[in-house]
Every structure is written in structure tokens, then in C-alpha cells.
Amino acid sequence: MLIKNSQKREEKDRINDMIKQYGTSAFMYTHYPHKRFWDVKNDDKDYKSVLKSSFKSSDNAKALLYLHIPYCQQLCYFCTCHMSITKNYNKVKEYMELLFREIDAFKKFVTDNNLSLSIKEVHLGGGSPTFIERTEFDILCDKLSGIVDLNELDEFAIEIDPRRVDSEQLKYYRTKGINRLSFGIQDFDIDVQKAINRVQPPELIENLLTPEIRGMFTNGINFDIICGLPHQTVETICMTAEECVKLSPERICLNFLHYSPTFAPHQKLMKDGKDDRPDELPDFSERKILFQSAQEVLETGGYMRTGYDHFAKLNDRVAAAMDDKKMHWNSLGVTPGEYTNIIGFGISSESTIHNHYFQNYYDMPDYVTSIKEEKFPIYRVYEQSEDDLIRKDVIQKLRNYFEVNIKEAESFNNISFNEYFQREIGDLRTLEKDGIIEFTANTIRLTEFGRQFTNIACRVFDKYYTGELLKKDLGQRAV
């Protein structure tokens, strides 16, 4: 049963009380620590060294490969991805030539150093990978075949802009080995779609996902939905969730809008209450109510919550990994956790190799120069300390499973929890008093209400956070 209006008002009042108390957290804890703390190196020496040390034997070789395609044909006003808008396909071709050279350089490095690298998953993201025409897509797959057996992958996924594909294009992707599709849906309400400049009615998705197409992509379908868009109401988000249940993807990512117009100025095209324009963006507490309402529809429709902002059917691999406590969270969302090493190709891509983070250049001129100089386009680097890894482990468990088994954490990290986190205990007691967590000698568990403030609980263990727990972070509308 959906939350009644009186319950919504009470819940919103309680949420607002917690916002006044704790503020909001802009950190999603995709990484720990946040990228702002990584070291700018403009050099690939550390990257080469870590590749050599990490992939000397097949025991340490399993990895996921991510390729970033930054170009889109049309601007979506909500977007915070690293992307560029163009109608000129020559720009895409020029970029693909650079990406091919990066793949070739990686292949040569792996071969020259006799590394044992087993890539079992590939993900094409963006931007819009569906912008790539078949000639370049064929070359891309040929290049990848030099370092990956595309026929032996556990998963080969691509992000889909449903406005730019038809059933023949989807069938083509299957011939290239792709077995999972991720659709950018965002919302099904027409007024919301117009406000974010992304009109795509449910019928468009339904016509694409025929039984024939569904049968081809055996690893399933993913939908991305966003809470906090202009004109969204409880009624519209419930309608969107109901359409999702009807269309029956295996996984759903129910994201919160990351509103950061300083980083993404085009977000101001969504009316935000500034410059004498009416405020059409739901505020922080309203977004929480939107999420709760959509959550109820999805769970009633047969989906289980897998981590903070993801849902999966009960027979999906992620749901099984959630039950087995093997699920992992990274920049691509939640995964079954078989492969925690990520190799990133393309502008802005990130790599996670054991206890190291790497990120490629954001700026195209730097990326181009690096590739032409036959260097890996590494912009910044971070090596996690033992303390970072301990804190990351606790943060991941809170975010993925909404609880930490203290005894298991002590055993896994070889620590005494109360001694190691002595400073954090007081903040945990404060969260307990306000009904966000339940804290016992054996467990830290987020309450059902507290799950809306998961990132606040994670923040307790973030030593890089520069304020006290009660410091307010109300500068951004981010969750």
C-alpha cells in the first residue's frame, strides 16, 4: 500500500528535522576516498607499475573493462556525465581513432610485459555508445578481441539511448557479443521528459523490448530512473515505477538527481528557483518521499532493494550476491562482485586496480596529446592506505547491506572495532538516538527510516570529511 498523505506529511517533517540536524552529504562513496583527494600526477608511471605488479599471474587477473564514449547528439538537462554534444559524426570518428590507439597501446604493454590479464566483463558507457556507427563499432570489437575473448565474456553491456536505436540495431549488438542492455529512462511522465529535454514515451521502450529482443540479451535489461526532476510528484513517480514493473527489466537503478550547476551549468535549464523562475525541482525531503513511493511500487512488483539506490528481480545475479554478501558497489553501479578490478579506457575513465585508483584526463586536448605521445592518459592517481581499505570496507557494507557485522569486520580487517573507531562511536550514538541506526555490541544496522540517510552514516567513517558529523552540507542538492 502506498504511503498515505498524512503519513507523507509526518515523514517529510521528520526528514526535514534530520536535514536540519545533519545536513546532506554530496558524497555517494563510489570511491573511498573521494576523487578530490587523489593526487594529480599527469604521468603514467604509477599505472604501468601497478599493472605489472597486479597482473603477474592468473591468480590476480580477473577484471572488468570500461570504455567511455563521451559524445551525445542531444543535451539532457539533468546530466552530470562527462559528455559533449555534437551532430558532427567526424568528431566521433576522430575520438574513436584515439580510443583504438589507447587499446592498442594497452595490448602492447600487456604482451611486452607477459602479463596475465583475464577480462570477464566489458561495459560501454558514455555519453551515448549508441552514437557509434557500425563501421567504427566493428573496428572497436576487433580491437577489443586483441585483449578480450568476446565469446567467453560473462557480461558484455552497453548503455542505450532508446531514441537512437531500433530493433535491427539491437540485433546487431547481439551479433557482436553484447548480452546486457542498460536503458536511460529517467522518467515516463511527458511533462518531466519535456522539462529535461528527453522525450521518450513508454511505448517506445515497449516496442523495442519485444520477446525476440528480450530472448537475445540473456544477461538482462537495466533501467536508470532519477528522483528529483522537474514536475515530479508522488503520482508521476509511481506511474513511472508501475511502467517499469510492466516492462520488467531485471535491474533498476533509482538514482537521486545530482544537482551541481557549478560543475554542469546546463542543469540551470531545469528551473531551479533562481533568477526569478519558479522552483520546479523537488527539494531534499520531497525527493526522499518520491524515492519511498517508487520503492513501494517496485517492491510490490517483485523487486528487492539491492543496496542504497538499486533494485533487482529475485532471480537476478545481483540479488543472489546481495544474499551471499558478495555484492560490490562501484562507478558502474552494483555488481555481483566477481570482478572488483576495473580497467578504464577513454577520456575521463576510471580504473580500480587492487588498492589503487587511476583516472584518465577530463580535457580532450590533454587526452589527445597523451595518446599521440604514446602514453597512457593518466591524470590522477591514488594509493589506498591500510586505513583507507578498512574504512572503505565498513562504508561498502553500510551502503550495500545497510548493516555492519562488527565481529566480521574485526576478523576481516584484523582490528578491535571499538578501539579502532573510538572517535566515531560518539557519532554513532547520536545517529542511534535520532533513529537512523540501531547500534549494538555486534551490529550497526540502518533502520528503515535511516536507510534514507545511508550516506550520512557512511560519513561517520570518512576521515577525509572536514567537518563534524553535525556540520551541514546544504550547498548542493545532492544525496
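The structure we're discussing is the one just above.
The structure reproduced in this document is the subject of the present report. These numbers come from a predicted model, not from an experiment. Residue positions are counted from 1 within each chain, in the order its sequence is given. In view of the model being predicted, local features appear only for residues whose pLDDT reaches at least 70, and side-chain atom pairs are presented and counted only at 80 or more, with totals across whole chains, interfaces and linings using the full set of residues. Side-chain numbers here rest on the full set of heavy atoms in the structure, without hydrogens or water.

As for the overall build of the chain
We apply this condition: Each helix is a run of H or I in the DSSP string that is no shorter than four residues. Each strand is a run of E no shorter than two, and both are numbered from the N terminus. Put simply, the radius of gyration uses C-alpha atoms, and a globule should come to 2.2 Å times the residue count raised to 0.38. Between buried and exposed lies partly exposed: a residue is buried under 20% and exposed over 50% of the maximum accessible area for its type, with that area taken using a 1.4 Å probe on protein chains only. The protein chains shown are the only cover counted for residues, whose accessible areas, like all others here, come from Shrake-Rupley with a 1.4 Å probe. In this tally, Asp and Glu contribute negative charge and Lys and Arg positive charge; neither His nor the terminal groups of the chain are included. One atom stands in for each charge, and that atom is NZ of Lys, CZ of Arg, CG of Asp or CD of Glu.
Along its length, the chain carries 17 helices and 20 strands. Taken over C-alpha atoms, the radius of gyration comes to 22 Å for the chain, in line with the 23 Å a tight globule of 479 residues would show. Based on the C-alpha atoms only, the size of the chain along its principal axes is roughly 60 × 55 × 45 Å. Expressed as a percentage of the 479 residues in the chain, the buried residues total 58%. Surface accessibility of the chain: about 20500 Å² in total, with carbon and sulfur atoms responsible for 45%. The average position of the 63 basic charges and that of the 75 acidic charges among the side chains of the chain differ by 2 Å.

Re the packing of helix H3 (residues 89-112) against helix H4 (residues 134-144)
Spelled out, the test is: Here an angle of 0 to 180 degrees is reported between the N-to-C directions of two axes, which are lines fitted to C-alpha atoms, with helices fitted over the stretch in contact. In what follows, roughly perpendicular refers to angles from 65 to 115 degrees, roughly parallel to angles under 35, roughly antiparallel to angles over 145, and oblique to any angle outside these ranges. Between two residues, a contact is recorded if the distance between any of their heavy atoms is within 4.5 Å. Three classes are used: nonpolar for Ala, Val, Leu, Ile, Met, Phe, Trp, Tyr, Cys and Pro, charged for Asp, Glu, Lys and Arg, and polar for all others, with Gly counted as polar.
It is the contact of H3 with H4, at a shortest axis distance of 10 Å, that shows an interaxial angle of 10°. Relative to H4, the element H3 lies roughly parallel. The segment H3 lies against H4, with Tyr89, Lys93, Met96, Leu99, Phe100, Ile103 and Asp104 engaging Glu136, Ile139, Leu140, Lys143 and Leu144. In terms of residue class, the contact of H3 with H4 is built from eight nonpolar, no polar and four charged.

Description of the environment of Ser248
Structurally, the position occupied by Ser248 is in the loop between helix H9 (234-247) and strand E9 (251-256). Each C-alpha atom of the pair Ser248 and Tyr303 lies 9.6 Å from the other, and the pair is 55 residues apart in sequence. The residues touching Ser248, leaving out its near neighbours within four places in the chain, are Arg214, Tyr303 and Lys313.

Description of the environment of Tyr362
Going by this rule: Polar contact is the term for a pair of N or O atoms within 3.5 Å; when the atoms are in protein, one must be able to donate a hydrogen and the other to accept it, and sequence-neighboring residues count only if both atoms are side-chain atoms.
Assignment of secondary structure puts Tyr362 in the loop between strand E16 (356-360) and helix H12 (364-372). Spatially, the C-alpha atom of Tyr362 lies 9.5 Å from that of Gly346, the residues being 16 residues apart in sequence. Contact partners of Tyr362, with chain neighbours within four places excluded, come to Lys35, His82, Ile347, Ser348, Tyr379 and Arg380. At a separation of 3.2 Å, a polar atom in the side chain of Tyr362 contacts the side chain of Arg380.

Points about the packing of aromatic side chains
Under the convention used in this document: Here a pair means two rings of Phe, Tyr or Trp (six-membered ring of Trp) with centres within 6.5 Å. Their orientation is stacked below 30 degrees between planes, edge-to-face above 60, and tilted elsewhere. Only when the NZ atom of a Lys or the CZ atom of an Arg is both within 6 Å of the ring centre and within 35 degrees of the ring normal do we say a charge sits over the ring.
Inspection of every chain in the model, using the stated rule, returns 27 aromatic pairs. Across from the ring centre of Phe453, 5.7 Å away, lies the NZ or CZ of Lys288, which sits over that ring. When the ring centre of Trp329 is taken as origin, the NZ or CZ atom of Arg399, which lies over that ring, is 3.7 Å away.

What to know about the sheet that holds strand E20 (residues 443-446)
The condition that has to hold: We treat two strands as partners when DSSP finds at least two bridges between them.
One open sheet accounts for three strands, arranged E18-E20-E19; its pairing is antiparallel. The sheet terminates laterally at strand E18 (403-405) and strand E19 (437-439), the two strands that pair on one side only. Adjacent strand axes in the sheet meet at a mean angle of 10° when their direction is disregarded. As judged from the three bridges shared by E19 and E20, these two strands associate in the antiparallel manner. When the bridges of E20 are listed, Phe439 appears paired with Ile444. Docked against the sheet, helix H13 (residues 386-401) engages E18 and E20, running at close to 130° with respect to E18.

Some points on the pairing of strand E8 (residues 221-227)
Inclusion rule: By the criterion used throughout, a crossover qualifies as right-handed when its path from the first strand across the helix to the second strand runs clockwise, the strands pointing away from the viewer.
Most of E8 sits out of view: six of its seven residues are buried. Bridge analysis of strand E7 (residues 180-186) against E8 gives five bridges, and the strand direction is parallel. Bridging across to E8, Phe183 finds its partner in Phe223. Direction of pairing for E8 relative to E9: parallel, over a ladder of six bridges. Along E9, the bridge assignment pairs Asn222 with Arg251. The parallel pair E8 and E9, bridged by H9, forms a crossover whose chirality is right-handed.

A closer look at the pairing of strand E2 (residues 62-69)
It is a general feature of regular strands that their side chains alternate between the two faces of the sheet. Among the eight residues that make up E2, seven are buried, leaving the element largely enclosed by the rest of the structure. Looking at chain direction, E2 and strand E5 (residues 118-126) are connected through eight bridges and run parallel. By the bridge assignment, Leu67 is partnered in E5 with Leu124. Summarising the sheet, E2 and strand E14 (residues 342-345) pair through four bridges and their orientation is parallel. Looking across to E14, one finds that Tyr66 is bridged to Gly344.

Remarks on helix H14 (residues 406-413)
Using the following cut-off: The arc in question is formed by the directions pointing from the helix axis toward the C-beta atoms.
Regarding H14, the residues found buried are Ile406, Ala409, Glu410 and Asn413. Angularly, the buried residues of H14 cover 100° about the axis, an arc narrow enough to put them on a single face. Turned more than 90 degrees away from the buried face of H14, the exposed residues are Lys407, Glu408, Ser411 and Phe412. Buried-residue contacts for H14 involve H13, E18, helix H15 (417-420), E19 and E20. By the N-cap criterion, in which a side-chain oxygen at the helix start approaches the backbone nitrogen of a residue two or three places on, H14 is capped by Asn405, the distance to Lys407 being 3.1 Å. Two residues or fewer after H14 comes Asn414, characterised by a positive phi angle close to 55°.

Some remarks on the pattern of salt bridges
As a reminder, the rule being used: Throughout this description, the term salt bridge denotes a Lys or Arg side-chain nitrogen within 4 Å of a carboxyl oxygen of Asp or Glu.
Applying the stated criterion across every chain yields a total of 30 salt bridges. Among the ionic pairs, Asp112 bridges to Lys108, the shortest N-O distance being 2.7 Å. Taken together, the positions of Asp112 and Lys108, both in helix H3 and four residues apart, correspond to about one turn of that helix. Each member of the pair Asp112 and Lys108 is classed as exposed. With a closest N to O distance of 3.9 Å, Arg445 and Glu438 form a salt bridge. Residue classification places Arg445 among the partly exposed residues on the basis of a relative accessible area of 32%. Put simply, Glu155, Arg180, Arg251, Asp316, Arg317 and Glu338 are held in one network by salt bridges that share partners.

Section: H9
Our working rule: Take the number of residues in a helix, subtract one, and multiply by 1.5 Å to get its expected span.
Its 14 residues place the ends of H9 20 Å apart at the C-alpha level, agreeing with the 20 Å of an ideal helix rising 1.5 Å per residue. When we look at burial in H9, the residues that qualify are Val234, Thr236, Ile237, Cys238, Thr240, Ala241, Glu243, Cys244 and Leu247. After H9 finishes, the residue Ser248 shows a positive phi value of roughly 60°.

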